[in-house]
Amino acid sequence: VGRELVLALAPTSDLDEARGRLAATAEAVRLIRAQPATALGGVRDIRVHIARSSRQGALSGEEVAEVGGTLRAARALRGTLADLPLESYPRLQALAEELPVPGHLIARIEETVDEEGQVRDEASPELRRLRQEVRAAQQRLQQRLRTLVAEFGSALQEPIVTMRSDRYVVPVKADSRGQVRGIVHDQSASGATIYVEPMVVVELNNQLTGLIARERQEVERILRQLSMEIGEEGPAIRLVVETLAEVDLRLACARYAERIRATEPQLNGEGRIDLRQARHPLLTGHVVPIDFRLGQEFFMVVVTGPNTGGKTVALKTVGLLTLMAQSGLHIPVEGGAEIAVFDEVFADIGDEQSIEQSLSTFSSHMTRIIEVLRVIETRRRTLGGPPPVLVLFDELGAGTDPSEGSALAQSILTWLLDRQIPTVATTHYSELKAFAHEQRGVVNASVAFDLETLSPTYELEIGVPGRSNALAIAERLGLDTRIIRGARRHLGTEGVRMEGLLQGLEEERDAAAQERRQLDAERRAASGQRDALQAERERLEADRARILAETRANADLELESVMAELAEIRASARQGTPDRGRADELRRRTRRAGDRISPSGRVTPRAPRLAEQVESLDGPLKVGDSVYVRNLDQVGELLQLWAGGAEAEVGLGPLRLRVHRQDLERVRRRGGEAPTQSEPAISVVRPPGARHSVSMQLDMRGQRVEDALEELESYLNDAAMSGLSSVRIVHGKGTGALRSAVRERLAHHPLVESSEPASTKDGGEGVTIARLSA
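No experiment lies behind these values; they were computed from the predicted model shown. (Residues numbered from 1 in each chain as written. Predicted model: local features only at pLDDT ≥ 70, side-chain atom pairs only at ≥ 80, totals over all residues. Heavy atoms only, no water.)

The helix and strand tally for the protein stands at 18 helices and 24 strands. Buried positions account for 43% of the 774 residues belonging to the protein. A sequence separation of at least 24 residues applies to 65% of the contacts in the protein between residues at least 6 apart. A total of about 41100 Å² of accessible surface is found on the protein, and carbon and sulfur atoms cover 50% of it. (Helix = DSSP H or I, 4+ residues; strand = E, 2+ residues; numbered from the N terminus. Buried < 20%, exposed > 50% of the residue type's maximum accessible area, 1.4 Å probe, protein only. Contact = heavy atoms within 4.5 Å. Areas by Shrake-Rupley, 256 points an atom, 1.4 Å probe, with all protein chains shown as cover.)

Written out as structure tokens, the structure is:
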């Protein structure tokens, strides 16, 4: 059935239908690439069986088995197609839904007949009983006959039991006929052997024959009943067969596309053709592909060149690939090809290799051309514009006087040009080369010829007229140069001028090709240099990253040393022996080290200390004064005085801190403007009694969120007072509640400049690194 669809395959002039056909083929190509074993194994053409059973005719066991095998194959195929992703195989999925496989009928057939079409014993209880009786009767009969063979002895030609006319017999020698009483059923061709049914087994044979007849009747009854059931499902089974044929057609199109290395073209309704590396699908061996385009800046191509140069093959390739695409077949071209959908493709292509160009040949060509022009004109008048058709003329105007044939060819092409009909024509006439060069909307094309090897290259070049090369070929073959010169004189001025023009164009084309090759070489060289520069840049970037990593590692070590010394200084300060010079130096070292391990890897200059931006004022401290907190390098507002003025409460932005009176200084900004409490507060003072040294890590794992946040607040205050530039907060991963709370608090804390998760090797999401404000 699928073969019939292939033979009936024809182009469609409907653009949407053609696109749908191509898309269906593309789906089948993807399917056989993904699942190469996909096939219609077990499918048979059962249309005759379905028709007979629908008329209540009985099917044989073999025919029932073919119906069952086809339905089983359809069920398997439906499962394969239904499992495909809908977005990639919508059309095959739709076919799967059109397979109404009657599962109950498959089960009925399988339990009735085997794969060879033999009715099973289990088909009915009566059949099982009859077959058991037949086997028993056969055993009794064969046992009796074996006994008789031993008794008859030399009267038998051979000591065997055989069958004739469905009866068991023994081979008796003709001259021993009287020794074996019985019924003769047959004799050998020579007459030396007769086949006798001994009288003593006649009754046993009769019993066996009766049982076999009854068994046959039961088998016929079973098959007749099953045939009626198949006939009742006739419409559904016919739809299954038609759907299987459609799948068979698509798989055939896909396998053919793979065989000829074809791709799916893009279709349009504007008459555009753009073929790249196109090959005629029937050519074998080393095939020279062609590039062809039509319908953009021109819609008529005149192909010229020597005999056997490939002009006709190029013409046929364009026409055939157009019809293939409109039939839903992929075409042997490179990807990205474009094909126009035409209502009709007209062609006048004949074999012009005959030694005789007679009037009858010319007449046959003209008859076809006249019919083509008549149909085009009729269609144009009906549509009120150019009809969507493609015209292919091979050796237009050939077969008659060259001057008249050339004039007639020009007139025909002019007629088509005026009506904007897409046309491809081949010719040898120089006048048509000039016509194509001069007329707008027409372009020359040529098939190349190698004068060194005197052979065509079969390459098609759009935009360059071809030379017949007859004189050049004759000269290369050794024809007398005087004859060649005479031939050139006979060409006349126009002919010589045309040959010179074509030769000049070929030279310019070769020069342009050489320039393109040189530019390609330069482009490849530039690309190589660009790759080398990219590699060098990547190497420098790797070196920069390595140097930054080493710098940060060294800075980490220096920070640990500075933190230890700073803790000692602060402890001694609490004991009344401060070393302010050493502390300032350690702060500067801390900031330098912190800058070296900043995420950007760049050293950021520190802003001037506030002590350098304010001016000291004389007089006692009063609530509301602006004060400079020496050990924090911050300016705030004096809020309260306690303990006889020995301690004070200072506001630093949103913070309220208790400090020693001796650490305060009444100030105003240089230039007369007193600082306000809006100055950002980025440090705190440890209250009396707190610990003297602070670890660079706080471990909060296992704590409740409320308790952990209280400890975090105290820890940040101590860490900032101790001069730490960054700390590690270990909160663990767990459910994420503690981690989220800690990071939320750090993101809005006035003492924290920034925070981020630790690197994988340092704890990852279970640790947060907080950088404290300088």
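Right, let's get into unusual backbone geometry. With a phi close to 55°, Ser 165 is a non-glycine residue in the positive phi region. Along the chain, the position of Ser 165 falls in the loop between strand 1 (162-164) and strand 2 (167-173). In this structure, Gln 420 is a non-glycine residue whose phi angle is positive, near 55°. Topologically, Gln 420 is positioned in the loop between helix 12 (402-418) and strand 12 (423-427). With a relative accessible area of 48%, Gln 420 lands in the partly exposed category.

In this section: the confidence of the model for the protein. The predicted coordinates of low-pLDDT regions are not to be read in fine detail. Summary statistics for the protein give a mean pLDDT of 82 and a share of 84% for residues scoring 70 or more. Predicted confidence is poor over residues 598-608, with pLDDT under 50, and the contacts of this stretch with residues over four places away or in other chains come to 12 contacts. Contacts of residues 672-692 to residues separated by more than four positions or lying in other chains number 59 contacts, the stretch itself having pLDDT below 50. (pLDDT = per-residue confidence, 0-100.)

Summarising burial for strand 18 (residues 647-652): 6 of the 6 residues are buried, a large majority. Taking every second residue as pointing to the same face, both faces of strand 18 are buried, with Glu 647, Glu 649 and Gly 651 on one and Ala 648, Val 650 and Leu 652 on the other. Bridge analysis of strand 17 (residues 634-642) against strand 18 gives 5 bridges, and the strand direction is antiparallel. Looking at strand 18, one finds that Leu 641 is bridged to Ala 648. (Pairing = 2+ DSSP bridges.)

With that settled, consider the sheet that holds strand 24 (residues 767-772). On the basis of which strands lie adjacent, the open sheet formed by 4 strands has the order 21-22-24-23 and mixed pairing. The open sheet has two free edges, formed respectively by strand 21 (697-699) and strand 23 (752-757), since each of these has just one partner strand. Within this sheet the neighbouring strands show an average axis-to-axis angle of 20°, counted without direction. Strand direction decides the pairing type here: strand 22 (residues 726-730) and strand 24, joined by 5 bridges, are antiparallel. Paired with Ile 729 across the two strands is Thr 768, which belongs to strand 24. Its contacts with the sheet place helix 17 (residues 705-721) against strand 21, strand 22, strand 23 and strand 24, and it is angled at close to 160° to strand 22. (Axes fitted to C-alpha atoms, helices over the stretch in contact; angles between N-to-C directions.)

The subject of this paragraph is the side chain of His 365. Relative to the helices and strands, His 365 is located in helix 11 (residues 359-383). Looking at His 365, its side chain comes within polar contact range of the side chain of Asp 348, at 3.1 Å. (Polar contact = N/O pair within 3.5 Å; in protein donor to acceptor, adjacent residues only side chain to side chain.)

Here the focus is the sheet that holds strand 13 (residues 442-450). Strands sit in the order 10-11-12-8-13-14 across an open sheet of 6 strands; the sheet is mixed. In this open sheet, the two strands that pair with only one neighbour each are strand 10 (344-348) and strand 14 (455-462). With direction set aside, neighbouring strand axes in the sheet form an average angle of 15°. Summarising the sheet, strand 13 and strand 14 pair through 5 bridges and their orientation is antiparallel. Bridge pairing in strand 14 links Ala 445 to Ile 462. Each of strand 8 (300-304), strand 10, strand 11 (389-393), strand 12, strand 13 and strand 14 touches helix 10 (residues 311-326); the most contacted strand, strand 12, lies at about 160° to it. Lying on the sheet, helix 12 is in contact with strand 8, strand 11, strand 12 and strand 13; it crosses strand 8 at an angle near 155°.

Another aspect to go through is the packing of helix 4 (residues 61-82) against helix 8 (residues 202-232). Interhelical geometry of helix 4 versus helix 8 gives an angle of 35° and a closest axis separation of 11 Å. The two elements helix 4 and helix 8 cross, and the hand of that crossing is left-handed. From helix 4, Gly 61, Val 64 and Val 67 reach across to helix 8, where they touch Leu 223, Leu 226 and Ile 230. Classifying every residue of the contact of helix 4 with helix 8 gives 5 nonpolar, 1 polar and no charged. (Left-handed = near helix turned anticlockwise from the far one by under 90°. Nonpolar A, V, L, I, M, F, W, Y, C, P; charged D, E, K, R; others polar.)

What follows concerns the packing of aromatic side chains. The description of an aromatic ring pair uses the distance of the two centres, along with the angle that the planes make with each other. In the structure shown here, the tally under the stated rule is 0 aromatic pairs. Between Arg 30 and the ring centre of Tyr 89, over which it is positioned, the NZ or CZ distance is 5.6 Å. Its end group placed over the ring of Tyr 195, Arg 164 keeps NZ or CZ at 4.1 Å from the ring centre. (Phe/Tyr/Trp six-rings, centres within 6.5 Å; stacked < 30°, edge-to-face > 60°. Lys NZ or Arg CZ within 6 Å of the ring centre and 35° of its normal.)

Mapped onto the secondary structure, Ser 403 falls in helix 12. Residues Ser 403 and Tyr 429, spaced 26 residues apart in sequence, show a C-alpha to C-alpha distance of 8.9 Å. In terms of polar contacts, Ser 403 uses its side chain to reach the side chain of Asp 401, at 2.3 Å.

Time to look at helix 13 (residues 430-438). Looking only at helix 13, the buried set comprises Leu 432, Lys 433, Phe 435 and Ala 436. Looking straight down helix 13, one finds that the buried residues subtend no more than 160° of arc, so they occupy a single side. Residues of helix 13 that are exposed and angled more than 90 degrees away from the buried face: His 437 and Glu 438. (Arc of directions from axis to C-beta.)

Now for the pattern of salt bridges. Tallied over the full model, the rule gives 42 salt bridges. Across the salt bridge formed by Lys 311 and Glu 395, the nearest N and O atoms sit 3.8 Å from each other. Pair noted here: Lys 311 is in helix 10 and Glu 395 is in the loop between strand 11 and helix 12, with a separation of 84 residues, a long-range link. Per residue, the accessibility class of Lys 311 equals that of Glu 395, and both read buried. The shortest N-O distance in the salt bridge between Arg 743 and Glu 765 comes to 2.9 Å. You can see Arg 743 sitting in helix 18 (residues 737-747) and its partner Glu 765 sitting in the loop between strand 23 and strand 24, a full 22 residues away along the chain. Among the residues examined, Arg 743 registers a relative accessible area of 22% and is labelled partly exposed. Overlapping salt bridges bring together Asp 121, Arg 131, Arg 135 and Glu 215 as one network. (Salt bridge = Lys/Arg side-chain N within 4 Å of Asp/Glu carboxyl O.)

For the rest of this paragraph, the subject is the packing of helix 8 against helix 9 (residues 234-259). Helix 9 packs onto helix 8 with a crossing angle of 70° between their chain directions and a minimal axis gap of 5 Å. Between helix 8 and helix 9, the crossing angle belongs to the class labelled roughly perpendicular. Residues Ile 230, Gly 231 and Glu 232 of helix 8 form the contact with helix 9, whose own contacting residues are Gly 234, Pro 235 and Ile 237. Considered class by class, the residues forming the contact of helix 8 with helix 9 number 3 nonpolar, 2 polar and 1 charged. (Parallel < 35°, antiparallel > 145°, perpendicular 65-115°, else oblique.)

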